[in-house]
Amino acid sequence: MKILVTRRIMEPAIELLKKYGEVEVNPHDRPMTREELLRAIADKDAVLTQLVDKVDSEFFDHAPNVKIVANYAVGYDNIDIEEATKRGVYVTNTPDVLTNATAELAWALLFAAARRIVEADKFMRGGHYKGWGPMLFLGKGITGKTLGVIGAGRIGQAFARMSKGFNMKILYYDFERKENFEKEIGAQFVPLDELLKEADFISIHVPLTPQTRHMIGERELSLMKPSAILINTARGPIVDEKALVKALKEKKIYAAGLDVYEREPDFEPELAELDNVVMLPHIGSATEESRLDMAMLAANNIVDFIEGRVPRTLVNKEVLNKK
């Protein structure tokens, strides 16, 4: 087997793959360019991709031997699943192993935005602190407030569970009700508009699909409380970034915490000029433990395929009918 890893991952996963074939790893600490990627996949049987790698008909045209694409992410909006299935190519992802890491980061953003942590840090580093003041960097309290969760999948549910110590009322919206989730922590299923109107903190955890693209736009932002904080650790295009900038500038909402952007790695330039937004470089799963687990799961999916097993996190199960 000839295997391509499109960007260096934790070494134990690469060593595992080397036991099963000839492994080529992108030598650069950056995503492969489109030209580099298409050239590299020409003779490969398996590809371990990153979420920035576009896997479409052109990709498959240049990779006639590829039998499995193991995506190093939970989401797989970078992959044309229908095209892969049509060509008999297995597609896998890395669910579960990054659930808690991403949920924890969403809370880190919530705390940072609510208590103005980044602003205060910048203030201190700039030498502006002259002593305690009763009105200095007033923020928003969290305990006893209403938490709105958009998307009650693995990460959304984990995020909601972490609120238990803060005695929060939990509202959630999803495309289907999660009754076990409701029973477990007392979450209340509500329409999206109601959640936007009632919640003090709103965190997005839906996948990017045609249905969720710009799910949060100018109208939705206008429904939120002026004191509300929006957190997005899911996918950037779920939020209309221009509309968000406008809402933040005009104080239509209090603040935002972002780990993802509409046109990564680019973002609306005005975001960087606003003090009421906390910006991170897509590090939701960036703990040593989670990134190792992601790497090993992606690698093991390829190993499963090589050894004749159904990959453990196969996305396009319909492909089995083509074998």
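Computed from a predicted structure; not experimentally measured.

What counts, and where the lines are drawn
- Residues numbered from 1 in each chain as written.
- Predicted model: local features only at pLDDT ≥ 70, side-chain atom pairs only at ≥ 80, totals over all residues.
- Heavy atoms only, no water.
- Helix = DSSP H or I, 4+ residues; strand = E, 2+ residues; numbered from the N terminus.
- Rg over C-alpha atoms; globule rule 2.2 N^0.38 Å.
- Contact = heavy atoms within 4.5 Å.
- Areas by Shrake-Rupley, 256 points an atom, 1.4 Å probe, with all protein chains shown as cover.
- Lys, Arg positive; Asp, Glu negative; His and termini not counted.
- Charge placed at Lys NZ, Arg CZ, Asp CG, Glu CD.
- Phe/Tyr/Trp six-rings, centres within 6.5 Å; stacked < 30°, edge-to-face > 60°.
- Buried < 20%, exposed > 50% of the residue type's maximum accessible area, 1.4 Å probe, protein only.
- Pairing = 2+ DSSP bridges.
- Axes fitted to C-alpha atoms, helices over the stretch in contact; angles between N-to-C directions.
- Polar contact = N/O pair within 3.5 Å; in protein donor to acceptor, adjacent residues only side chain to side chain.
- Salt bridge = Lys/Arg side-chain N within 4 Å of Asp/Glu carboxyl O.
- Arc of directions from axis to C-beta.

Undergrad: For this particular structure, what's the right way to read the overall build of the chain?
TA: Check the secondary structure of the chain and you find 12 helices and 12 strands. Scaling as 2.2 N^0.38, a compact globule of 323 residues should have a C-alpha radius of gyration of about 20 Å, and the chain matches this with 21 Å. Here the C-alpha coordinates of the chain stretch approximately 65 × 50 × 30 Å along the principal axes. Within the chain, contacts between residues separated by at least 24 positions form 59% of all contacts whose residues are at least 6 apart in sequence. Accessible surface, the chain: about 15,600 Å² in total, of which carbon and sulfur atoms supply 51%. With 44 positive and 49 negative side-chain charges, the chain shows a separation of 2 Å between the mean positions of the two kinds.

Undergrad: It is not clear to me how the packing of aromatic side chains should be interpreted in this structure. Could you clarify?
TA: When we look at a pair of aromatic rings, we describe it by the centre distance and by the angle of the planes. Applying the stated criterion across every chain yields a total of 12 aromatic pairs. Summarising the aromatic geometry, the rings of Phe-111 and Phe-166 are spaced 5.6 Å apart at their centres and angled 65° between planes, so their arrangement reads as edge-to-face. With Phe-111 in helix 5 (residues 99-114) and Phe-166 in the loop between helix 7 (154-161) and strand 7 (169-173), this pair connects stretches of sequence that are 55 residues apart. On the accessibility criterion, Phe-111 (31% relative accessible area) is partly exposed. A residue is classified by how much of its surface remains accessible, and Phe-166, at 23% relative accessible area, is partly exposed.

Undergrad: How should the sheet that holds strand 1 (residues 2-5) be read in this particular structure?
TA: Within the open sheet, the five strands sit side by side as 2-1-3-4-5. Their pairing is parallel. Strand pairing shows two members of the sheet lacking a second neighbour, strand 2 (22-25) and strand 5 (90-92), which therefore form its edges. Across this sheet, the average inter-strand angle for adjacent strands is 15°, counted without regard to direction. Here strand 3 (residues 46-49) pairs with strand 4 (residues 68-71) via four bridges, running parallel. Residue pairing across strands places Ala-46 opposite Ile-68, the latter belonging to strand 4. Set on the sheet, helix 1 (residues 11-18) makes contact with strand 1, strand 2 and strand 3; between it and strand 2 the angle comes to about 145°. Along the sheet, helix 12 (residues 288-306) makes contact with strand 1, strand 3, strand 4 and strand 5, crossing strand 4 at roughly 160°.

Undergrad: Would you explain the side chain of Asn-78 in this entry?
TA: When you line up the elements, Asn-78 lands in the loop between strand 4 and helix 4 (81-86). Note on Asn-78: relative accessible area 10%, which makes it buried. Reaching out from Asn-78, the side chain makes a polar contact with the backbone oxygen of Gln-50 at a distance of 3.2 Å. When sequence neighbours within four positions are dropped, the list of residues in contact with Asn-78 reads Gln-50, Leu-51, Asp-53, Lys-54, Val-55 and Asn-71.

Undergrad: In this structure, what is going on with the pattern of salt bridges? I would like to understand it.
TA: Any two side chains of opposite charge can pair, given that their charged atoms come close. The tally for this structure, following the rule as stated, stands at 35 salt bridges. Here Asp-174 ties to Lys-178 by a salt bridge, and the two come within 3.4 Å at their closest N and O atoms. What makes Asp-174 buried here is its relative accessible area of 11%. Salt bridges sharing partners connect three or more residues here, namely Lys-2, Glu-24, Asp-43 and Lys-44.

Undergrad: Can you walk me through helix 1 in this structure?
TA: An α-helix turns once every 3.6 residues. As a result, residues three or four positions apart point the same way. Residues of helix 1 that are buried: Ala-13, Ile-14, Leu-16 and Leu-17. One side of helix 1 holds all its buried residues, which, seen down the axis, span an arc of 155°. In the core, the buried residues of helix 1 are packed alongside strand 1, strand 2, strand 3 and helix 12.

Read these as geometric descriptors, not functional statements.
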